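Chain by chain, the residues run as shown.
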Amino acid sequence: MMRTISFSIAILYGSFILITTSLPIKCPNSPGDWCKTKEIAAVCGVTKQCTSFVWNTSTNDRVNFTIYYESLCADCRQFTTTQVWFAYQAIADIVNLTFIPYGNAHEVYRPETQLYQFYCQHGADECYGNLIHTCAIASYPDTRQHIPFIYCMDSILGDVETVARQCAQNASIDYEKVATCTNSRVGNQLQHVYAVQTEKIKPSTAFVPFVTLNGNYSDEIQDRAQTNLIALLCDTYKGSNPPARCKKTI
């Protein structure tokens with residue numbers, strides 16, 4: 001499920017940044033055909049996304065861990081800046097981390113604008129923060145690029161855009177690229193994709209953050225993740241060469 005979500009986001013954004021040229025190969029209408037060959041991927045502008053999510057089969061042993069959260073939720077920020085950040089630093093080689101910035105928001109489709117309008121637990125600023133996170137992830141799909149940005153934003157209190165610009169600079173992210181996405185219909189659609197994914201997996205008790213491990217949610221997974229995420233991921237990893245940090249948890 002993690003790769004399905006990430007690839008859907010990457011493909012949708014890839015179509016947004018597509019540069020039309022007069023190459024002999026045309027980009028197929030169906031996104032499912034965009035990764036068939038490297039030449040087609042290049043024309044469609046999704047080579048990086050195809051490499052990360054379709055062609056790369058060397059990470060099959062990795063644990064898929066997905067965080068469903070809100071940008072201004074205090075518990076979400078604490079979880080990201082402690083458990084998730086520490087796990088990323090210690091055992092990044094065995095885990096695929098996916099961030100889904102939506103949480104307990106809800107959406108209403110407005111036919112007059114053909115856009116979705118979002119309502120968030122912590123107000124309009126949180127909706128804006130969620131959208132910034134969404135567009136940063138889409139613009140920089142490599143976890144190594146977007147997780148320092150998310151960590152930074154979750155570590156600093158203040159005006160959402162001011163913090164985002166500061167963190168973009170700290171994380172070597174082009175904020176204008178992110179801002180172009182947040183102000184576009186594609187950014188709105190990307191947020192809708194996260195809304196749909198969240199509603200599909202959301203537990204009956206509406207709290208955030210909530211997490212899935214290899215696509216599964218349970219109270220036990222949730223409790224272990226919030227208590228000792230590194231141990232949970234190490235215990236789940238079935239690869240032949242666990243990192244040194246995992247050996248310390250045995």
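Right above here is the structure, for reference.
Reading the values: the criteria
Residues numbered from 1 in each chain as written. Predicted model: local features only at pLDDT ≥ 70, side-chain atom pairs only at ≥ 80, totals over all residues. Heavy atoms only, no water. Helix = DSSP H or I, 4+ residues; strand = E, 2+ residues; numbered from the N terminus. Buried < 20%, exposed > 50% of the residue type's maximum accessible area, 1.4 Å probe, protein only. Contact = heavy atoms within 4.5 Å. Expected span 1.5 Å × (residues − 1). Polar contact = N/O pair within 3.5 Å; in protein donor to acceptor, adjacent residues only side chain to side chain. Disulfide = S-S within 2.5 Å.

Engineer: Teacher, can you tell me more about the overall build of the protein here?
Structural biologist: If you tally the helices and strands in the protein, you get 11 helices and 5 strands. The buried share among the 250 residues of the protein stands at 49%.

Engineer: What am I meant to see in the environment of Leu-131 here?
Structural biologist: Within the secondary structure, Leu-131 sits in helix 5 (residues 124-139). Looking at Leu-131, the relative accessible area reads 15%, which means it is buried. In the structure, Leu-131 is positioned 47 residues away from Val-178 in sequence and 9.5 Å away in space, judged by C-alpha atoms. Among all residues touching Leu-131, those that are not within four sequence positions of it are Thr-182, Gly-187, Asn-188 and Gln-191.

Engineer: I'm lost on helix 9 (residues 185-201) in this one. Help?
Structural biologist: Owing to its 3.6 residues per turn, the α-helix aligns residues three or four sequence positions apart on the same side. Here helix 9 spans 25 Å end to end across 17 residues, near enough to the 24 Å set by a 1.5 Å rise per residue. With a side-chain oxygen positioned 3.3 Å from the backbone nitrogen of Val-186, the residue opening helix 9 is Ser-184.

Engineer: It is not clear to me how the state of the cysteines should be interpreted in this structure. Could you clarify?
Structural biologist: Two cysteines whose sulfur atoms are joined by a covalent bond form what is called a disulfide. Applying the stated criterion across every chain yields a total of 4 disulfides. Covalently, Cys-152 is tied to Cys-167 through a disulfide, its sulfur atoms 2.1 Å apart. Its S-S torsion of approximately -75° makes the covalent link between Cys-152 and Cys-167 left-handed. Of this pair, Cys-152 sits in helix 6 (residues 143-155) while Cys-167 sits in helix 7 (residues 160-170), and the two are 15 residues apart along the sequence. A relative accessible area of 10% means that Cys-152 is categorised as buried. Cys-167 sits in the buried class, given a relative accessible area of 0%. Put simply, Cys-234 and Cys-246 are joined by a disulfide, and their sulfur atoms are 2.0 Å apart. Judged by the torsion about the S-S bond (-80°), the Cys-234/Cys-246 disulfide is left-handed. Of this pair, Cys-234 sits in helix 10 (residues 219-236) while Cys-246 sits in helix 11 (residues 244-247); the two residues are 12 residues apart in sequence, bridging distant segments of the chain. In this pair, the class of Cys-234 matches that of Cys-246, namely buried.

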